[in-house]
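Listed below are the residues making up each chain.
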Amino acid sequence: VAIPLFGPFVSPRFGYAPQILLVEIEGGNVVGRWILNTAGMHPWQQMAQLRSLGVDTVICGGISGQMLHQLQSQGIVVINEVGGEAKDALRRLMRGTLRAGIRCRGRRCWRGPFWARRKR
Amino acid sequence: MNQETPEKRRLASGEEASLLEVILESIAEGVFTIDREGRITTFNRAAEEITGFRREEAIGRWCFEVFRADICQRDCALRRTIETGRPIVGLQVTILDKQGREVPVSITTAVLRDARGEVIGGVETFRDLSLVEELRREATARYTLQDIVSKSPRVQEILNILPDVAESESTVLITGESGTGKELLARAIHELSPRREGPYVRVNCAAIPETLLESELFGYVRGAFTDARRDKPGRFTLAQGGTILLDEVGEVPLGMQAKLLRVLQEREYEPLGGTRTLKADVRVIATTNRDLTKLVREGRFREDLYWRLKVIHLHLPPLRERREDIPLLAETFVHRLALRTGKPIRGLSPEAMEVLMRWPFPGNIRELQNAIEHAFILCKEELIRPEHLPSEMRRPEILPTFPPVSGLRQEAERRLLEEALARCEGNRSRAAKLLGISRTTLWRKMRRYGLFVSK
């Protein structure tokens, strides 16, 4: 799983994050974590690198339609429009509850705009 | 009597606030403000239009989650302004709108202070540059990687290997019919390559008369011929440190091919009339719509040059073989033309799309673009209808097109050969045995289909 990072957060735009968190999951457990340095790398080179590393899921805050097609054509699942901290997104992914458009802060996750969180 | 009471002050400030709100809502520039933490506190109507996010979706969220600019994660302009107190004016960036479209904008930032002069946040105004960008693209014919629009698996396959191709220094041969986007691909390779900061020089070999081609490519020195009053650098010199595109390389005359071969082989050349040998630090990309193997067989193209050019071979399929791209491309052209002409056309009616899907498009993407432009002139509604499209496309006798049977057979044969070679990891003897043909026949067929393993 690859999560482009913006500090502790999921990067708001794929292709422009200076670092990508790579997580290897096996049998529902994290078996490895690495940070890929992508500063100065063209978004397309980042895509090529993820493909060559065998990434099969990308979690990001936003992605251009063209890059989305490109990743999907390589068989990579893209979970888009995910907000909040990367560790929370990863936790939800492992539980099987991460969906596009979800935002997490701590243990609280919600879909849709900011005010939707307050209504719950 | 004119004494200012707190009540009067409150009313006056309330009026001022509502006046400001009216002004903010009426301007064409997007405006948003953030607090010191970077959360959006104001988001005007134009900001909604440009980003695609509704105000209630945006307010309270971090600006980077909504704006998603290319600079957000590297050098946020607004953060810099808040930290330094210095405004930034007219910085060009691209943002990602809610639909995932990249929108070029020009941004201006300023710091927000309260009555005591304390910094309470920042304000950013932004202007949609899509039209300006479209006109620039049209005027300069400079298209980028972002302009490649395709869902076709065959094109996706090319795009997948493009970063690796670009990274290498190898010569690339791009083939495909006219209007399939060969030049776009060449530029994309340059853009992704380590030479991207260097020049990108395009030479249309078909457009330069045979007698001038040598001096155009390699330049000349003073006194080389009667009118040569000063040295003139050739395209290879101009492309030094960058990339040269030899467009329509199939049209290069035989005599010139030998000189081109020398540049590719030895990376050096001499200007016309010169005695000094110059080094060519240039990456060469060549394109052609001709069948070079056929030209080689006919003796009109040097075989050694062909192999020198074809280190990496990319073939762009014609539009009729990637029909799934027609709606996507049509939509892109409608969007661009609506922007450029200001006409409120939203798209194509299902009937008009059906007409396009049936047409064989011998002129490929360029022909589709022209058809949409034609429709834009005639269309006075929101949707393009069949009657707005060029008349030849609307002829009822046009049937869905299929590739000729001989073409199908060849395609099947080519795929079979590819499969056998892949299974045998490129071992020709084993592949020939698997196919039940002799090695010589395999060799001949590989050569016909251009299946030699490229570097």
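This text goes with the structure placed above it.
What you see is a predicted model; the values in this text were computed from it and never measured. (Residues numbered from 1 in each chain as written. Chains lettered and ligands numbered in written order. Predicted model: local features only at pLDDT ≥ 70, side-chain atom pairs only at ≥ 80, totals over all residues. Heavy atoms only, no water.)

Peer 1: Got a minute to help me understand the packing of aromatic side chains in this structure?
Peer 2: Two aromatic rings are characterised by how far apart their centres lie and by the angle between their planes. Within this structure, the stated rule accounts for 11 aromatic pairs over all chains. A centroid spacing of 4.7 Å and a plane angle of 85° characterise the contact between Phe6(A) and Phe64(B), whose relative ring orientation is edge-to-face. Residue Phe6(A) is found in strand S1 (residues 2-6), and its partner Phe64(B) is found in helix H4 (residues 63-67); the two belong to separate chains. Look at Phe6(A) and you get buried, because its relative accessible area is 14%. Each ring, one from Phe236(B) and one from Tyr269(B), has its centre 5.9 Å from the other, and the planes form 45°; the classification is tilted. Of this pair, Phe236(B) sits in helix H10 (residues 235-238) while Tyr269(B) sits in strand S11 (residues 268-269), and the two are 33 residues apart along the sequence. One aromatic cluster is present, formed by Phe6(A), Phe9(A), Trp62(B) and Phe64(B) through successive ring pairs. (Phe/Tyr/Trp six-rings, centres within 6.5 Å; stacked < 30°, edge-to-face > 60°. Helix = DSSP H or I, 4+ residues; strand = E, 2+ residues; numbered from the N terminus. Buried < 20%, exposed > 50% of the residue type's maximum accessible area, 1.4 Å probe, protein only.)

Peer 1: In this structure, what is going on with the sheet that holds strand S2 (residues 40-43) of chain B? I would like to understand it.
Peer 2: Hydrogen bonds between backbone atoms are what pair the strands of a sheet, whose relative direction is either parallel or antiparallel. Residues and elements named next belong to chain B. The five strands lie next to each other as S2-S1-S5-S4-S3, forming an open sheet whose pairing is antiparallel. Only two strands of the sheet have a single neighbouring strand rather than two, namely S2 and strand S3 (88-96). The average angle at which neighbouring strand axes cross in this sheet is 30°, direction not considered. In terms of strand pairing, S3 meets strand S4 (residues 102-113) through seven bridges, oriented antiparallel. Paired with leucine 91 across the two strands is isoleucine 107, which belongs to S4. (Pairing = 2+ DSSP bridges. Axes fitted to C-alpha atoms, helices over the stretch in contact; angles between N-to-C directions.)

Peer 1: What should I look at first to understand the nonpolar core in this one?
Peer 2: Taken as a class, soluble globular proteins show a tendency for nonpolar side chains to be buried jointly. In this structure, Phe14(A), Leu50(A), Leu162(B), Leu185(B) and Ile189(B) are the most contacted members of the largest nonpolar core, which totals 39 residues. Within the residue set of this core, elements represented by two or more residues are strand S3 (19-26), helix H1 (43-52) and helix H2 (65-73) of chain A together with helix H7 (153-167), strand S6 (172-175), helix H8 (182-192) and strand S14 (312-315) of chain B. (Core = buried A, V, L, I, M, F, W, Y, C linked by side-chain atoms within 4.5 Å.)

Peer 1: Before we go on, may I ask you to explain empty space enclosed by the protein in this structure?
Peer 2: Leftover empty space is mapped by rolling, across the atoms, a probe with the size of a water molecule. Residue and element names in this part refer to chain B. Evaluation of the coordinates by the stated rule reveals three cavities of 30 Å³ or more. Taken as a whole, the largest cavity holds about 80 Å³ of empty space. Forming the walls of the largest cavity are Phe32, Cys63, Phe67, Ala69, Ile71, Cys72, Cys76, Ala77, Leu78, Ile107 and Glu124. Among the elements of the structure, H4 and helix H5 (77-84) are those that each provide at least two residues to the lining of the largest cavity. Residue composition of the lining of the largest cavity, by class: 10 nonpolar, no polar and one charged. (1 Å grid on protein atoms, 1.4 Å probe; cavity = no way out; pocket = protein on both sides within 12 Å on 5 of 7 lines; lining within 4 Å. Points joined across faces, edges and corners; volume = space filled by probe spheres on them. Nonpolar A, V, L, I, M, F, W, Y, C, P; charged D, E, K, R; others polar.)

Peer 1: Is there a simple way to think about the interface of chain B and chain A in this case?
Peer 2: A common way to state how big an interface is: give the accessible area lost once the parts meet. If you look at the interface, chain B gives 35 residues, while chain A gives 37 residues. For the pair chain B and chain A, the summed buried surface comes to about 3,100 Å²; carbon and sulfur atoms form 51% of the total. Among the residues chain B hides against chain A, the three largest losses belong to Gln73(B), Arg74(B) and Asn160(B). Together they make up 22% of the total. Here chain B is connected to chain A by two salt bridges. The salt bridge involving Glu102(B) is made with Arg13(A); its shortest N-O contact spans 3.1 Å. Across the contact surface, chain B and chain A share 15 residue pairs in polar contact (both at pLDDT 80 or more). Of all elements in the fold, only helix H3 (55-58), H4, S3, H7 and H8 of chain B reach the threshold of two or more residues within the side of chain B that touches chain A. With six residues, the single largest contributor to the side of chain B that touches chain A is H7(B). In terms of residue class, the side of chain B that touches chain A is made up of 12 nonpolar, seven polar and 16 charged. (Contact = heavy atoms within 4.5 Å. Buried area = accessible area lost by both parts, 1.4 Å probe. Salt bridge = Lys/Arg side-chain N within 4 Å of Asp/Glu carboxyl O. Polar contact = N/O pair within 3.5 Å; in protein donor to acceptor, adjacent residues only side chain to side chain.)

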